[in-house]
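Listed here are the chains, written in short residue letters.
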Amino acid sequence: MSTAICPGSFDPVTYGHIDIIKRASKIFDKVIVAVLVNVAKNPWFTIEERMELLRKSVSDIPNIEIAGFDGLLVDFAAEHDADAIVKGLRAVSDFEYEFQMALTNNKLNSEIETVFLTTSAENMYLSSSIVKQVGLLGGDISPFVPECVQDEILKRIRQRRN
Ligand code: PNS
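Here we summarise the structure given alongside this text. (Residues numbered from 1 in each chain as written. Predicted model: local features only at pLDDT ≥ 70, side-chain atom pairs only at ≥ 80, totals over all residues. Heavy atoms only, no water.)

## Quick word on the site of the ligand
Selection rule: Any residue with a heavy atom lying within 4 Å of a molecule or strand is counted as near it. Identification of polar contacts relies on pairs of N or O atoms within 3.5 Å, with a donor-acceptor requirement for protein atoms, meaning one able to donate a hydrogen and the other able to accept it, and with residues adjacent in sequence counted only if both atoms are side-chain atoms. For accessible areas, the Shrake-Rupley method is used with a probe of radius 1.4 Å. Any residue's cover is judged against the shown protein chains and nothing else. Helix and strand assignments come from DSSP, with helices taken as H or I runs of at least 4 residues and strands as E runs of at least 2, each series counted from the N terminus. Polar here means any residue other than Ala, Val, Leu, Ile, Met, Phe, Trp, Tyr, Cys and Pro, which are nonpolar, and Asp, Glu, Lys and Arg, which are charged; Gly is therefore polar.
In the vicinity of the ligand there are 15 residues, among which S9, V37, N38, K41 and L73 approach most closely. A distance of 3.1 Å separates a nitrogen atom of the ligand from a polar backbone atom of V37. Residue K41 places a side-chain N or O atom 2.7 Å away from an oxygen atom belonging to the ligand. Taking 540 Å² as the accessible area of the ligand by itself, protein coverage stands at 82%. Mapped by element, the contributors of at least two residues to the shell around the ligand are β1 (3-8) and α4 (92-108). At four residues, α4 tops the list of elements feeding residues into the shell around the ligand. Split by residue class, the shell around the ligand holds seven nonpolar, six polar and two charged.

## Thoughts on α4
In an α-helix, one full turn covers 3.6 residues, which means residues spaced three or four apart are oriented alike. Formally: In this scheme, a helix's expected span is set at 1.5 Å multiplied by one less than its residue total. Only protein chains enter the accessibility calculation, which uses a 1.4 Å probe; a residue whose area is less than 20% of its type maximum is buried, one above 50% is exposed, and one in between is partly exposed. Contacts are assigned to residue pairs that have any heavy atoms within 4.5 Å of one another.
Look at α4: 25 Å from first C-alpha to last across 17 residues, which is about the 24 Å you get at 1.5 Å a residue. Within the span of α4, buried status applies to D94, E98, A102 and N105. For α4, the elements touching its buried residues are α3 (73-79), β4 (84-89) and β5 (113-118).

## Focus on the environment of D75
Locating D75 in the fold gives a position in helix α3. As for D75 and G16, which are separated by 59 residues in sequence, their C-alpha atoms are 26 Å apart.

## A few points about the sheet that holds β5
The test is simple: When DSSP finds at least two bridges between two strands, those strands are taken to pair. Helix axes use the C-alpha atoms of the stretch in contact, all axes being lines fitted to C-alpha atoms, and the angles between their N-to-C directions lie in the range 0 to 180 degrees.
One open sheet holds the five strands; their spatial order is β3-β2-β1-β4-β5, and the pairing between them is parallel. Looking along the sheet, the strands with just one partner apiece sit at the ends: β3 (64-69) and β5. Each adjacent strand pair in this sheet contributes to an overall mean axis angle of 30°, direction not counted. Relative to β3, strand β2 (residues 30-36) is paired through six bridges, and the arrangement is parallel. By the bridge assignment, V33 is partnered in β3 with I66. Across the sheet, helix α2 (residues 47-57) touches β2 and β3, and the angle it forms with β3 is around 170°.

## Some remarks on the packing of aromatic side chains
Geometry of an aromatic ring pair is reported as the spacing of the ring centres plus the angle between the planes. Stated precisely, the cut-off is as follows: Only Phe, Tyr and Trp rings are paired, with Trp represented by its six-membered ring, and only when their centres lie within 6.5 Å; those with planes under 30 degrees apart are stacked, over 60 edge-to-face, the remainder tilted.
Taken as a whole and judged by the stated rule, the model has three aromatic pairs. Considering the side-chain rings of Y125 and F144, the 6.2 Å spacing of their centres and the 75° angle between planes classify their relative orientation as edge-to-face. Taken as a pair, Y125 in the loop between β5 and α5 (128-136) and F144 in the loop between α5 and α6 (147-161) lie far apart in primary sequence, 19 residues in all.

## A closer look at the pairing of β4
A regular strand places its side chains so that they alternate between the two faces of the sheet. Put simply, the rule is: Seen with its strands pointing away from the viewer, a crossover is right-handed when the path leading from the first strand over the helix to the second is clockwise.
Taking burial as the measure, the six residues of β4 include five buried ones, the bulk of the element. When β1 meets β4, the two strands line up parallel, connected through two bridges. Within β4, the residue paired with I5 across the bridge is I85. Pairing geometry for β4 and β5, over six bridges, is parallel. Counterpart to V86 in the pairing with β5 is V115. Following the chain from β4 across α4 to the adjacent parallel β5, one finds a crossover that is right-handed.

Pasting the structure below:
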């Protein structure tokens, strides 16, 4: 049975992430969506909150599991006997950072391959940070995230203002 890990901050999940998770679930028997810590980011949501939003957003895909982890991605992947790490590549600007992570992960554990999927054209520009920024500035975020995620972002923005 083939297993892939879809790792990310998912702070919060967007339609761009969901597209990659769905497509990975058609290639691999099992996909574990791993909510991990990116030390370079200041998250809006706790790991548990991000996992809950993911659960609600991908509940229609049968071969998906959601997990959280605060260690190294390769250790998580090895613990779950994963064959591959699947990441979405949006634009050329993603490449350098993703390439660096893939090479580092390969150095840490050469058994686990990184597989890149090209993002769908409509999600090329999408990121959690952009969605939060649009929400903060009063824009409509409904084209970018599921309704449950939209509600939580707007709730967080109201809390930040009070
Ligand atoms: O969605 P993001 O923020 O681009 O995802 C980055 C993430 C969380 C996958 C990356 O920061 C990560 O793998 N964190 C876990 C810690 C780790 O393994 N760091 C070394 C990877 S180079």
